[in-house]
Amino acid sequence: MKYDVLIVEDEDDIREMIGGILQDEGYETRLAATSEEALAEVKFRKPSLIILDVWLKGSSMDGIELLDKFKSTHTELPVIIISGHGTVETAVSAIRKGAYDYIVKPFKADKLLVTASRALENARLRRENAELKGKAPSDTELVGTSPQIIQLRQKITKIAATNSRVLISGPSGSGKELIARMLHGHSSRSKGPFKAVNAASMVPERVEEELFGAEDDEGHATTVGLLERAHNGTLYLDEVADMPMETQGKLLRLLVEQRFRRLGGKDDVQVDVRVITSSSRDLAQDVEHGRFREDLYHRLNVMPLDATPLSERREDIPALVEHFIAQLASSTGLPSRQIGEDAMAALQAHDWPGNVRQLRNNVERLLILATGEPSQPITLATLPPEVSVVRTSQGANENEKIIAMPLRDAREHFEREYLQAQIDRFGGNISRTASFVGMERSALHRKLKSLGLGANGRDV
């Protein structure tokens, strides 16, 4: 990641010298001689760091006033103050107003480079701390060893290294934001910001202001949008299908030109942002029905990724349950518990319409409501009723139907349901299913055939 440094200095030779020192170390630099030029540069694109002289001859504002102006809209932006007439009072005033540090001219190149590096690192750590607040630190990798998860990890590693836009599809709770965070974390933008927003949660009248920001009549930013805050990083738009049509058009322009205009603004703002989107709806179908722009869909869907529903990777459930128990025990202080075989079998057989999110909520509920000594495993009887029933898709009159059957038919009906649940539980692995139910593999194949079921436990 290349850092963009704005140098605000009225003396031409010093301005050029600082720019040269930073460029030699791989920084991108922009130069401004006056406060007016500096404000225009920040308006065009927020820099990663500002090096600001206190005395700006021929400007309407001095460095301290300009610092105030920058910090009023970009509180997290690191600013290093430089001056050839340093006083303790000026230094204290600059630090109080939000400057990262104060350097007195003349200074050595090493001093400038070390201070700049520390300022950028400090800003990165503060940003990451704000983003991670309230999130479990271990929610950074996909858990599981199913073929779907192994393949997804491989795709993420390959795609992350590129700058391609990614559209993640999958049902609610299946881990779409986690995939987006992994793409960001494994990319060259990992030190940049990651901004996530759910389009469905934004008030329609404020979508554009939240994304693009807003300006007052004098051209000053009154709201800094998510796109500016994601500069040099990643913007993740969840449930992008819920974005208003007009906003879709503006997002399309951003993807094409990497620039946009704030609400009420007259000039363009340029940013370098990777956009990752997701949807639990079929966007191609929305395009067909005129609910989503076709040109935007093709721009977003450069690299499609699928978040697999939990019901299609049941073999990962034991690892996920163990992961959530360790995570919750660490973050909440709840005692760690073991899950009994009967309870785990029921968890694996459940359909989990809410996917991984629903599973985690149930694990937390189990730890809270668990009775007995922590050394005792959680049994089937402890599970909530909605997940303790092995087959959740049965109708309300199922018991009456079974009672009306002859014993042979009822037994066959049970065997079909039982074996379907076990094959689902082990992700279609016949060998593991046979081992668990206590049958030879060949005998299980014969039993499935006699019940009219295929090797995947479904009707043939």
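Every value quoted in this text rests on a predicted model; they were computed, and no experiment measured them.

Quick notes on the rules
Residues numbered from 1 in each chain as written. Predicted model: local features only at pLDDT ≥ 70, side-chain atom pairs only at ≥ 80, totals over all residues. Heavy atoms only, no water. Helix = DSSP H or I, 4+ residues; strand = E, 2+ residues; numbered from the N terminus. Rg over C-alpha atoms; globule rule 2.2 N^0.38 Å. Buried < 20%, exposed > 50% of the residue type's maximum accessible area, 1.4 Å probe, protein only. Contact = heavy atoms within 4.5 Å. Areas by Shrake-Rupley, 256 points an atom, 1.4 Å probe, with all protein chains shown as cover. Lys, Arg positive; Asp, Glu negative; His and termini not counted. Charge placed at Lys NZ, Arg CZ, Asp CG, Glu CD. Pairing = 2+ DSSP bridges. Axes fitted to C-alpha atoms, helices over the stretch in contact; angles between N-to-C directions. Core = buried A, V, L, I, M, F, W, Y, C linked by side-chain atoms within 4.5 Å. 1 Å grid on protein atoms, 1.4 Å probe; cavity = no way out; pocket = protein on both sides within 12 Å on 5 of 7 lines; lining within 4 Å. Points joined across faces, edges and corners; volume = space filled by probe spheres on them. Nonpolar A, V, L, I, M, F, W, Y, C, P; charged D, E, K, R; others polar. pLDDT = per-residue confidence, 0-100. Phe/Tyr/Trp six-rings, centres within 6.5 Å; stacked < 30°, edge-to-face > 60°.

**Student:** Before we move on, could you go through the overall build of the chain and cite the residues and values that matter?
**Tutor:** When its secondary structure is counted, the chain shows 20 helices and 14 strands. Relative to its length of 460 residues, the chain is extended, with a C-alpha radius of gyration of 29 Å against a globular reference of 23 Å. Judged by the C-alpha coordinates and their principal axes, the chain covers about 100 × 55 × 35 Å. Across the 460 residues that make up the chain, the buried fraction comes to 46%. Long-range pairs, those at least 24 residues apart, make up 70% of the contacts in the chain with a sequence separation of at least 6. Accessible surface computed for the chain: about 22,700 Å², of which carbon and sulfur atoms make up 50%. Looking at the chain, you have 60 positive and 69 negative side-chain charges, and the mean spots of the two groups are 4 Å apart.

**Student:** Quick rundown of the sheet that holds strand E2 (residues 28-32)? Include the residues and the values.
**Tutor:** Whether parallel or antiparallel, the strands of a sheet pair through hydrogen bonds between backbone atoms. Spatially, E2-E1-E3-E4-E5 is the arrangement adopted by the five strands of the open sheet, whose pairing is parallel. Because the sheet does not close on itself, it has two edges, and the strands there are E2 and strand E5 (101-104). Strand-to-strand, the axes of this sheet are offset by a mean angle of 20 degrees, without reference to chain direction. As paired strands, strand E1 (residues 4-8) and strand E3 (residues 49-53) are joined by four bridges and run parallel to one another. Paired with Ile7 across the strands is Ile51, a residue of E3. Here helix H1 (residues 12-24) sits on the sheet and contacts E1, E2, E3 and strand E4 (79-83); the angle it forms with E2, its principal contact strand, is near 170 degrees.

**Student:** Quick one: what's the story with the nonpolar core, residue by residue and with numbers?
**Tutor:** Among the nonpolar cores identified, the biggest contains 30 residues, and Leu211, Leu235, Leu237 and Phe292 are the most heavily contacted of them. Among the elements of the structure, helix H8 (207-212), helix H9 (226-229), strand E10 (234-238), helix H10 (245-257), helix H11 (283-288) and helix H12 (294-300) are those that each provide at least two residues to this core. No other element matches H10, which puts four residues into this core. In terms of nonpolar packing, the next biggest core, distinct from the first, is built from 22 residues, Leu328, Met344, Ala346 and Leu359 among them.

**Student:** Any details on the environment of Ile18? Residues and values, ideally.
**Tutor:** Here Ile18 shows up in helix H1. Its relative accessible area of 0% is what places Ile18 among the buried residues. Through-space distance from the C-alpha of Ile18 to that of Ile51 is 9.1 Å; in sequence the pair is 33 residues apart. Ignoring any residue separated from it by four or fewer positions in sequence, one finds Ile18 in contact with Ile7, Ile51, Ile82, Phe107 and Leu112.

**Student:** If you had to explain empty space enclosed by the protein to someone new, which residues and values would you point to?
**Tutor:** Applying the stated criterion to the full structure yields one cavity of 30 Å³ or more. Computed from the structure, the largest cavity encloses a volume of approximately 40 Å³. Around the largest cavity, the lining residues are Leu142, Ile149, Leu152, Ser174, Ile179, Ala307, Thr308 and Arg313. Considered class by class, the residues forming the lining of the largest cavity number five nonpolar, two polar and one charged.

**Student:** How would you sum up helix H14 (residues 341-349)? Please name residues and give values.
**Tutor:** For H14, the tally of buried residues reaches seven of nine residues, placing the bulk of the element in the interior. Within H14, burial applies to Ala343, Met344, Ala345, Ala346, Leu347, Gln348 and Ala349.

**Student:** Please give an account of the confidence of the model for the chain that cites residues and values.
**Tutor:** Any region with low pLDDT has predicted coordinates that should not be read closely. Taken over all residues, the pLDDT of the chain has a mean of 85, while the share at 70 or more is 91%. The secondary structure element of the chain with the lowest average pLDDT is helix H17 (residues 398-403), at 58, and the one with the highest is strand E6 (residues 166-169), at 96. Per-residue pLDDT stays below 50 along residues 134-138; that stretch engages in five contacts with residues further than four places along the chain or on separate chains.

**Student:** Requested: an account of the packing of aromatic side chains, with residues and values cited.
**Tutor:** Across all of its chains, the model carries three aromatic pairs by this definition. Measuring from ring centre to ring centre gives 6.4 Å for Tyr3 and Tyr27, while their planes differ by 35 degrees; the resulting arrangement is tilted. Taken together, the positions of Tyr3 in the segment before E1 and Tyr27 in the loop between H1 and E2 put the pair 24 residues apart, joining distant regions of the chain. Like Tyr27, Tyr3 is buried.

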